[in-house]
Amino acid sequence: MYGKVIISGASGFIGGHLVRHFLAKGWTVIALVRVFPSKPLKDVEYRLYDLLQAPAVDLFREAAYFIHAAYLPNNFDCNVTGAKQLLACSRQASLRRNVFISSFSSSVDSESLYGRQKYAIEQLFCRDTDTIVRPGAVLGDGGLFSKMNAHIAAGKRIPLIQGGRQPMQTIAVDDLCLAIEHILLKDLSGVFSVAEPESLTYKEFFLLLAAMNSLSARFLKVPYRLLDMLLWVSESLGFHLPVGRENLRGLIALRYRETKGDLHRLGIVIKDCKASLEALFSNTK
Ligand SMILES: NC(=O)c1ccc[n+]([C@@H]2O[C@H](COP(=O)([O-])OP(=O)(O)OC[C@H]3O[C@@H](n4cnc5c(N)ncnc54)[C@H](OP(=O)(O)O)[C@@H]3O)[C@@H](O)[C@H]2O)c1
């Protein structure tokens, strides 16, 4: 019998997959949510939690492992303070392990607020006893990927910055869940970058995604400065497009990350981008 795993952001894309993954593997799951779901999963215990408020002192009662997947977009301070309060609460309850879902973008001097915020939260976790997971682009039925896919499926043009040479390293959401399960099972601490070891370019990724949708990719070459300015104007006017300036900065900041060593330490083999997309599209047919 495994210990209980408590997951924040359980109503979200990655958190929701983690809840179902651990449940299917026989773990006992506690889901932290802002609102109780209208269709709760059988055998999952739901507890209310909001990053904007101090957690209840007994939020982590009976839990053994904490996975932090909650994220409030574009709010540096609340994400950092929320993570700090959760960690303090978890440490008080002496959990065996805290796992933070960070990102490939995490960097002290990242161009994007998102990347700097991930880095700031990572500093709260102890590399000797906690675990930081940095996933590449997560492929599945949610997150930024599903917005990109909806854009392509609607036949819209794909803006290409700097010729679309940015490196893309992906991981299917089911492989990410497996990686996290291995961290708990093997008691692994430290930082793990998890994504396919070989990168595609941003342009190659979209060519592949368009082909999966049985469409030809339609690209639009746009200078970075111009797109940044257009997004700034639209955001200043209160128009919230599916992709904003933060995403643009994140794209420009993309760097290749070595992942072979970390996947080896986890003892898993993950699908490459093509295989992940094929699995995803065959499931949705
Ligand atoms: N998707 C990717 O490709 C990707 C890649 C790398 C890293 N990540 C990281 O993985 C984490 C999860 O991402 P995701 O794609 O699953 O995002 P998501 O679908 O937007 O899920 C975010 C979750 O955070 C919850 N949340 C938002 N505001 C909250 C608040 N004030 N208090 C408590 N919970 C709150 C949401 O709850 P509600 O449902 O109530 O809004 C939701 O459950 C994020 O930290 C993200 O940066 C994602």
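The model shown is predicted, which means the values in this text are computed figures rather than measured ones. (Residues numbered from 1 in each chain as written. Predicted model: local features only at pLDDT ≥ 70, side-chain atom pairs only at ≥ 80, totals over all residues.)

**With respect to the site of the ligand**
Part 1 of the reasoning: Within the structure, the ligand sits among 24 residues, and Gly9, Gly12, Leu51, Tyr71 and Gly143 are positioned closest to it.
Part 2 of the reasoning: Going through the elements one at a time, helix 1 (13–24), strand 7 (137–139) and helix 4 (143–153) are the ones with two or more residues in the shell around the ligand.
Part 3 of the reasoning: Split into classes, the residues belonging to the shell around the ligand amount to 15 nonpolar, seven polar and two charged. (Near = placed C-beta within 6 Å. Helix = DSSP H or I, 4+ residues; strand = E, 2+ residues; numbered from the N terminus. Nonpolar A, V, L, I, M, F, W, Y, C, P; charged D, E, K, R; others polar.)

**With respect to the nonpolar core**
Part 1 of the reasoning: Of all hydrophobic cores here, the largest spans 64 residues; its most connected members are Ile7, Leu18, Ile67, Val133, Leu139, Leu176 and Ile180.
Part 2 of the reasoning: If one sorts the elements of this core by residue count, helix 5 (residues 173–186) sits on top with seven residues.
Part 3 of the reasoning: Setting aside chain neighbours within four positions, we find isoleucine 180 in contact with Leu18, Ile67, Val99 and Val133. (Core = buried A, V, L, I, M, F, W, Y, C linked by C-beta atoms within 7 Å. Buried ≥ 20, exposed ≤ 12 C-beta atoms within 10 Å, placed from the backbone. Contact = placed C-beta atoms within 7 Å.)

**Section: unusual backbone geometry**
Part 1 of the reasoning: A positive phi angle is found at asparagine 74, which is not glycine, with a value near 55°.
Part 2 of the reasoning: By the element assignment, asparagine 74 lies in the loop between strand 4 (65–68) and helix 2 (76–92).
Part 3 of the reasoning: The backbone phi angle of serine 94 is positive, close to 55°, even though this residue is not glycine.

**Observations concerning the sheet that holds strand 11 (residues 190–194)**
Pairing between sheet strands relies on hydrogen bonds along the backbone, with the strands arranged either parallel or antiparallel.
Part 1 of the reasoning: Across the sheet, which stays open at both edges, the seven strands sit in the order 3-2-1-4-5-6-11 with parallel pairing between neighbours. At either end of the open sheet lies a strand with only one pairing partner, and these are strand 3 (44–48) and strand 11. When strand polarity is set aside, the average angle formed by the axes of neighbouring strands in this sheet is 20°.
Part 2 of the reasoning: As judged from the three bridges shared by strand 5 (residues 97–101) and strand 6 (residues 131–135), these two strands associate in the parallel manner. Paired with valine 99 across the two strands is threonine 131, which belongs to strand 6. (Pairing = 2+ DSSP bridges. Axes fitted to C-alpha atoms, helices over the stretch in contact; angles between N-to-C directions.)

**Structural notes on the environment of alanine 83**
Part 1 of the reasoning: Tracing the sequence through the fold places alanine 83 in helix 2.
Part 2 of the reasoning: Separated by 12 residues in sequence, alanine 83 and tyrosine 71 have C-alpha atoms that sit 9.4 Å apart.
Part 3 of the reasoning: If we ignore the near neighbours within four places in the chain, the residues touching alanine 83 are His68, Ile121 and Leu124.

**What to know about helix 6 (residues 202–212)**
Part 1 of the reasoning: Residues of helix 6 that are buried include every one of Tyr202, Phe205, Phe206 and Leu209, and no others. Summarising the axial view, the buried residues of helix 6 lie within an arc of 95°, below the 170-degree limit, and thus occupy one face.
Part 2 of the reasoning: Looking one or two places after helix 6, you find serine 214, whose phi comes out positive at around 55°. (Arc of directions from axis to C-beta.)

**Regarding the pairing of strand 6**
Part 1 of the reasoning: Extensive coverage of strand 6 is indicated by the burial of five of its five residues.
Part 2 of the reasoning: Both faces of strand 6 are covered, namely the face carrying Thr131, Val133 and Pro135 and the face carrying Ile132 and Arg134.
Part 3 of the reasoning: Of the crossover connections in this fold, the one passing from strand 5 over helix 3 (residues 113–122) to the parallel strand 6 is right-handed.
Part 4 of the reasoning: In this sheet, strand 11 lies alongside strand 6 in parallel orientation, the contact comprising five bridges. Each residue of the ladder has a partner; that of valine 133, found in strand 11, is phenylalanine 192. (Right-handed = clockwise from strand over helix to strand, strands pointing away.)

**Considerations on the packing of helix 6 against helix 10 (residues 273–284)**
For any two helices packed against each other, one specifies the crossing angle of their axes together with the interaxial distance.
Part 1 of the reasoning: The interhelical angle for the contact between helix 6 and helix 10, taken along N-to-C directions, is 25°, at an axis separation of 11 Å. The orientation of helix 6 relative to helix 10 falls into the category roughly parallel. As for the relative orientation of helix 6 and helix 10, their crossing is right-handed in sense. Residues Phe205, Leu208, Leu209 and Met212 of helix 6 lie in contact with helix 10, whose contacting residues are Cys273, Lys274, Leu277 and Phe281.
Part 2 of the reasoning: Residues of the contact of helix 6 with helix 10, tallied by class, amount to seven nonpolar, no polar and one charged. (Parallel < 35°, antiparallel > 145°, perpendicular 65-115°, else oblique. Left-handed = near helix turned anticlockwise from the far one by under 90°.)

**Topic: the packing of helix 2 against helix 3**
Part 1 of the reasoning: Interhelical geometry of helix 2 versus helix 3 gives an angle of 20° and a closest axis separation of 10 Å. One finds that helix 2 runs roughly parallel with respect to helix 3. The two elements helix 2 and helix 3 meet at a crossing, and its hand is right-handed. Every residue of helix 3 that contacts helix 2 at Phe76, Asn79, Val80 and Ala83 is listed here: Leu113, Gln117, Ala120 and Ile121.

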